[in-house]
Amino acid sequence: MTEVITSLQNDTIKLASSLKQKKQRDATGLFVAEGIRLIEEVCSADWQVNTCFYTEAASGNKRAELLLDLLQNKHCRMLKVSEAVYKKISDTDQPQGMMAIVKKREHLLSTILAVEKPFIVILDTIQDPGNLGAIIRTADAAGATGVVLTKGCTDLYSSKTVRATMGSLFHLPIVEGVNSEVLIHSLQERNIHIAATSLTSSSLYYEADFDQPAAVIFGNEGNGVSAELLCKANSRIFIPILGRAESLNVAASAAVILYEAVRQRR
């Protein structure tokens, strides 16, 4: 059954609006997925959707209608809201008038390391949500086993990161807030080769051997991979700069290296 909400003071509307803040996402274990495409990905991956908000305009879209029927069959709480209410809870410049409150899903480091010949992407204190989301999307496309975020990475469940993943968040195991010492111990314990991106004492990225259990570390946009992780790496790799550009964006670097791994592992 669909409820109609026009009041900005409604408790559920206040909850949805509060999820723009990390502290509220952490406290509730909930986050927002906004837009038809993202909600389609949420449903196809069978993540738990607690509440769906939509406007009159959105309900006229055929894809949205199919989604609304699907969510209703999953016993999701359905809320039809006014444009003013939707504007209060939306976090996009050009909203499509459809939003879902989704329950976070936790993955274990031990699980993604336990597969045969794992290929792990490690992101060390990445700060930009766009970079984080883009690398997760690339890791998904490249068939990575999973992604590990060290402590200090930007929030996986911020609206900007969620949008930048283009749905890959819902299909790829991602482990958050991992301590560097625990991470290294876990990788070494399973004899997983650790390659870290670095400009010092490093070899060309295509000379690395990715056709084995492997993990690749990509570092912070300004400071690179932390010394703590760098000193424990089995190898260091870099991408040559042939033109006058100072460097490559970390998301672009990840795409180059991950698809070299695809080439080797195929």
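Residues numbered from 1 in each chain as written. Predicted model: local features only at pLDDT ≥ 70, side-chain atom pairs only at ≥ 80, totals over all residues. Heavy atoms only, no water.

## Section: the pairing of strand β12 (residues 235–238)
Side-chain alternation along β12 places S235 and I237 on a buried face and R236 and F238 on a face that remains uncovered. Bridging between strand β9 (residues 193–197) and β12 involves three bridges; their strand directions are parallel. Paired with A195 across the strands is S235, a residue of β12. Alignment of strand β10 (residues 203–204) against β12, held across two bridges, turns out to be parallel. By the bridge assignment, L204 is partnered in β12 with F238. (Buried < 20%, exposed > 50% of the residue type's maximum accessible area, 1.4 Å probe, protein only. Helix = DSSP H or I, 4+ residues; strand = E, 2+ residues; numbered from the N terminus. Pairing = 2+ DSSP bridges.)

## A look at the packing of aromatic side chains
The tally for this structure, following the rule as stated, stands at six aromatic pairs. Relative to W47, the ring of F31 has its centre 6.1 Å away and its plane inclined at 90 degrees; by these criteria the two rings are edge-to-face. Remark: W47 occurs in the loop between α3 (36–44) and β3 (49–54) and F31 occurs in strand β2 (residues 30–34); sequence separation between them is 16 residues. Exposure class is identical for F31 and W47. Each is buried. One aromatic cluster is present, built from ring pairs that chain together F31, W47, Y157 and F170. (Phe/Tyr/Trp six-rings, centres within 6.5 Å; stacked < 30°, edge-to-face > 60°.)

## Brief notes about the nonpolar core
The biggest cluster of nonpolar side chains holds 57 residues, and the ones touching the most others in it are M98, L123 and F170. Per element, the largest residue contribution to this core is seven residues, and it comes from helix α11 (residues 250–265). Ignoring any residue separated from it by four or fewer positions in sequence, one finds F170 in contact with F31, A33, L38, E41, V42, A45, W47 and V162. If you look at the next biggest cluster of nonpolar residues, it comprises 20 residues, including L187, I192, A196 and V225. (Core = buried A, V, L, I, M, F, W, Y, C linked by side-chain atoms within 4.5 Å. Contact = heavy atoms within 4.5 Å.)

## Examining helix α1 (residues 11–18)
Those residues of α1 that sit buried are T12, I13, A16, S17 and S18. Capping the start of α1 is the job of one residue whose side-chain oxygen sits 2.8 Å from the backbone nitrogen of T12: N10. (Polar contact = N/O pair within 3.5 Å; in protein donor to acceptor, adjacent residues only side chain to side chain.)

## Focus: the sheet that holds strand β5 (residues 98–103)
Strand order in this open sheet of five strands is β1-β4-β3-β5-β2, and the pairing throughout is mixed. Sheet topology places β1 (2–5) and β2 at the edges, where each strand pairs with a single neighbour. When strand polarity is set aside, the average angle formed by the axes of neighbouring strands in this sheet is 25 degrees. Sitting on the sheet, α3 touches β2, β3 and β5, and the angle it makes with β5 is about 35 degrees. (Axes fitted to C-alpha atoms, helices over the stretch in contact; angles between N-to-C directions.)

## Regarding the side chain of T150
Note that T150 resides in strand β7 (residues 146–150). Reaching out from T150, the side chain makes a polar contact with the backbone nitrogen of T125 at a distance of 3.0 Å. Discounting residues that sit within four places of it in the chain, T150 has contacts with I122, L123, D124, T125, G177, V178, L183 and L229.

## Brief notes about the environment of S82
Checked against the element boundaries, S82 lands in the loop between β4 (77–81) and α5 (83–89). The partly exposed category is assigned to S82, whose relative accessible area is 24%. As a C-alpha pair, S82 and Y54 span 28 residues in sequence and 8.4 Å in three-dimensional space. Excluding residues that lie within four positions of it along the chain, S82 makes contacts with I5, T6 and T55.

## Some words on the pattern of salt bridges
Applying the stated criterion to the full structure yields eleven salt bridges. Measuring nitrogen to oxygen at the nearest pair gives 3.4 Å for the salt bridge that ties R190 to E189. Since its relative accessible area comes to 32%, R190 is described here as partly exposed. Owing to a relative accessible area of 53%, E189 belongs among the exposed residues under this scheme. Look at the salt bridges and you will find they share partners, linking K22, D26 and K104 into a network. (Salt bridge = Lys/Arg side-chain N within 4 Å of Asp/Glu carboxyl O.)

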